[in-house]
Amino acid sequence: MITELKFTALPLISSTFTGLLRSIPCSNPRFQGTLFQILRTMATNAPKNSDMNSRKTRPPKDKLRHLRNREQKKQQDVHGPATVYLQVAGAGSRDNGASLYVFSEFNRYLFNCGEGTQRLMQEHKLKAARLDNIFLTRMSWENVGGLSGMILTLKDTGVPECVLSGPPQLERFVDAIRVFSGPLDEIKLAVRPYTEETYTDQTMTVYQVPIFAHTAADAAKQSPSSGRSSPLSSSPQAQRRELWRPEDADSHRDRSRSPDKARATRDPSLVVSFVCKLHPKKGNFLVAKAKELGLPVGTAAIGPLIAALKDGKSVTFEGREIRPEEVCTTTDPGPLFIVLECPSEEFVQAICTNQQLGRYQTGGTEDPAALVVHMTPESVLKTDEYQSWMERFPSTTEHLILNEQVCTVHNIRSHKIQTQLNLIHPEIFPELKDYKTKETQAALHVPNVRAECLLKFQLRPKIEWQREAIPSCDTKEFVEEAAKVPHFLTEVEECRRFCSTDAAVLSGQVEKFPQVVFLGTGSALPMKIRNVSGTLVNISPAQSVLLDCGEGTFGQLCRHYGDDVDDALTKISTVFISHMHADHHTGLLKVLYQRERALTSLGKAFTPIYLVAPAQIMTWLNQYHNHCEEILSHVNIIPNRALGEGADVVKYKTKSFIQAMLKKTDLEKFQTCSVRHCKGAFACSITHQAGWKLAFSGDTMPCDALAHMGKNATLLIHEATLEDGLEAEAVEKRHSTTSQAIGIGMKMNAEFIMLNHFSQRYAKIPLFSEDFDDRVGISFDHMRIRFGDFRVLPRLIPSLKALFAEEIGEMEERRERRELKQMKGANAEGNSVQKRPDEMVREAKRQPEEAAENAGNKRLKTN
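A.B. asks: How should the sheet that holds strand β29 (residues 776-778) be read in this particular structure?
C.D. replies: Backbone hydrogen bonds are what pair the strands of a sheet, in a parallel or an antiparallel way. Read from one edge of the open sheet, six strands run β24-β25-β26-β27-β28-β29, paired in mixed fashion. Both edges of this open sheet fall to β24 (667-674) and β29, since each of them pairs with a single strand only. Put simply, the sheet's adjacent strands are angled 15° from each other on average, direction ignored. Pairing analysis gives four bridges linking strand β25 (residues 682-688) to strand β26 (residues 693-696), with the strands arranged antiparallel. Opposite Ile-686, over in β26, you have Leu-694 as the bridge partner. Contacts from helix α26 (residues 652-665) reach β24 and β25, with the element oriented near 125° to β24.

A.B. asks: How should I be thinking about unusual backbone geometry in this particular structure?
C.D. replies: A negative phi holds for most residues other than glycine; trans holds for most peptide bonds. Residue Pro-461 follows Arg-460 across a cis peptide bond; omega there is 5°. Here Pro-461 lies in the loop between β16 (456-460) and β17 (464-466). Note that the residue after Phe-513, namely Pro-514, is joined by a cis bond; omega there is 0°. Following the sequence through the fold, Pro-514 ends up in the loop between α20 (503-508) and β18 (515-520). Even without glycine at this site, Asp-548 takes up a positive phi of about 65°. On the secondary structure map, Asp-548 appears in strand β20 (residues 544-549).

A.B. asks: Looking at this structure, how should I read helix α17 (residues 412-422)?
C.D. replies: Along an α-helix, residues three or four positions apart point the same way, because every turn accommodates 3.6 residues. Buried residues dominate α17, accounting for ten of its eleven residues. Along α17, the residues classified as buried are Ile-412, Ser-414, His-415, Lys-416, Ile-417, Gln-418, Thr-419, Gln-420, Leu-421 and Asn-422. Here the buried face of α17 lies against α5 (117-123), α18 (475-483), α19 (488-501) and α30 (797-803).

A.B. asks: Explain the environment of Pro-304 to me, please; I cannot follow it from the model alone.
C.D. replies: In this structure, Pro-304 sits in helix α11 (residues 302-310). By relative accessible area, Pro-304 is classed as exposed at 57%. For the pair formed by Pro-304 and Val-315, sequence separation is eleven residues and the distance between their alpha carbons is 9.7 Å.

A.B. asks: Sorry, what's going on with the nonpolar core here?
C.D. replies: Within soluble globular proteins, side chains that are nonpolar tend to cluster in buried spots. One finds Phe-670, Leu-694, Leu-715, Leu-755, Met-783 and Leu-796 to be the most contacted residues of the largest nonpolar core, which totals 89 residues. The greatest single-element share of this core, amounting to five residues, is contributed by α19. Ignoring sequence-local partners within four residues, the contact set of Leu-694 consists of Val-516, Val-537, Leu-547, Cys-684, Ser-685, Ile-686, Leu-715 and Ile-717.

Cut-offs used in this document
Residues numbered from 1 in each chain as written. Predicted model: local features only at pLDDT ≥ 70, side-chain atom pairs only at ≥ 80, totals over all residues. Heavy atoms only, no water. Pairing = 2+ DSSP bridges. Helix = DSSP H or I, 4+ residues; strand = E, 2+ residues; numbered from the N terminus. Axes fitted to C-alpha atoms, helices over the stretch in contact; angles between N-to-C directions. Contact = heavy atoms within 4.5 Å. Buried < 20%, exposed > 50% of the residue type's maximum accessible area, 1.4 Å probe, protein only. Core = buried A, V, L, I, M, F, W, Y, C linked by side-chain atoms within 4.5 Å.

Here it is as structure tokens:
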């Protein structure tokens, strides 16, 4: 430390002494010149841009080093990877669809990318930045729901290229997501349709096998604009007309994208299977055996001999012939695995009669598969034809099954924090639940394993199942860990005593509705503790409104309601989307499809939801409808601006939708206003016939229009993305700080303010500001509040501060370092210290950022 101070002080000493020497007359110019030279040398040798308290900074991490290494290996003679395994990411449960991660030392692959996949990979350290290829088995939201977010993250982390393989409609899907993602110029996205059958890299060769469903209606070709999903469909959606056309939006004039003008290409009769064959790996050279035979081990002469022997050639050394089998293990020809999806019984015949897949069964022309991955529902597994097809593989073939029958917990960190928060207040922080399917499990007569999160099947060096990585969700352990936190249980006891004795709290427990459930309270991208935006307002026992719907919102509903999730879905009649950033709307389609399933399951008639959203959202929904799956009949669109103060609604259909929405939800008023974030960003307020009023900010800087619209609100839910002291960053990203959010609540005279939409750098808890009082609370995922809880919410804060004291301490240290740096910068300016432009740029680039926030900070948010 002393040494560090000595060196960092040198530039200051140099400048100070230089000034002194210039001001003091000296009779010996030679002495003065010598001293000047010494000081100049000291300053030159001292570290540049250093301060008294600065730490030695590490060079920035080279995130793309693996790409350069891979290019170098391509130039070398590489013979198959030594380590390859498949690992389950999403096991196929209802809250986390089926997805598979494949690892080798050369490449990383992902099979299917439904909603929540990125969040799982982040939590369980499956590095998304290393992905080369994403394989999609079907053009279904179940498989591609997380793809837009994954692409944005890959772009933000600097991945130069990603290849998508599967249905040809993927190309149109990538075009469609540009509606809300903005330009994707920084990443090269290539689509490899199934017509390009073979793909080879350093790890394996992949063959795409198209499967087309066999149905009685195959010959009946439908009009592209019929509104029905496919010849497959006998479901209710196949019989419904489309309830929206682009011309219904007041300002939408791009008719070229409409269903009537654009040729639809969606084809739900297609699934793509993937046959993956690892490259052969040459046998290992046995050094000890080679020494016994007298080979020149350890000398330059051994290199060519090893190369020839591993190539299977005999060599002659000192007159003796050495055969490969004497000094090398046998060559691994390369095992093979198959990934297939059979989404319904309509595909069973096509799969069971497919000749290309039949090659890898008993009696086939190729080596049998080591593993077959079935992304297949239980109804298909129960069919005699499919079971017979599985039995045609030899007994050495293993079968991995991913569907809703699995019993596994994916989001361990979410369960952990909710278990610990539940100790503080069981009603406000209810325990998470599991959805359990009522369907019985098929009795299979082949070696099969049901998927679990992080279950591995190793292909090299040894074929075997590996269960060590499967995470455990031990509630008892979580409770014990919280109990050991200093002062936590004391604060919890004090909170409980208050809740059980305060008369106002006890009287407030009578009213059950309205009820607010926070499903996602983070920003930018889904992370292991906080999901992205989603807030459910249960207006009454029969009606709910969803405010924003980021990726994974349905998964959060599943974990919150468990077996009652269908009942919760059927009550959602209105969805408000504040703006077109991905973290606010890419969970919408999953909610819509699952809502239809819930209505069918409970025997209720299908009705579309009222979608209050920017009109631009219909460009995205239209393109998805045309090229992927039917969706338009699920929504009645009400453009956000149509609910603004003084809005002149011209369209009769829009007027009728507004009146019907208000009547259905028992609302007196549903109002929107433009806010200061991006083009087309809105906040909203809803006023109930009973007199209460709720205001929701969406994403915004402090906005007077919001304060005016939410005047005297019972509850304001306002974004507080950043902590106090980061006002400049808040302006740059067009968000609010904690005190700014509270200030808007005070300005509108809100009865209570809930802070929301925190930067992911505040994963567990945000930093508290001095403005916190008994009218302010902070939101957590799965938090459930009623208006009667307003008196309780501030009393939770001491317990929260105790539970997360370590995290708060770390954040306060970062804040102090940041403030110290700002003070030094201000002092430097005050002293008129001149800096070169290149130095100023370097200092600006060295602003500290949290690793988890990097991708979110870089994410381009434009319309």
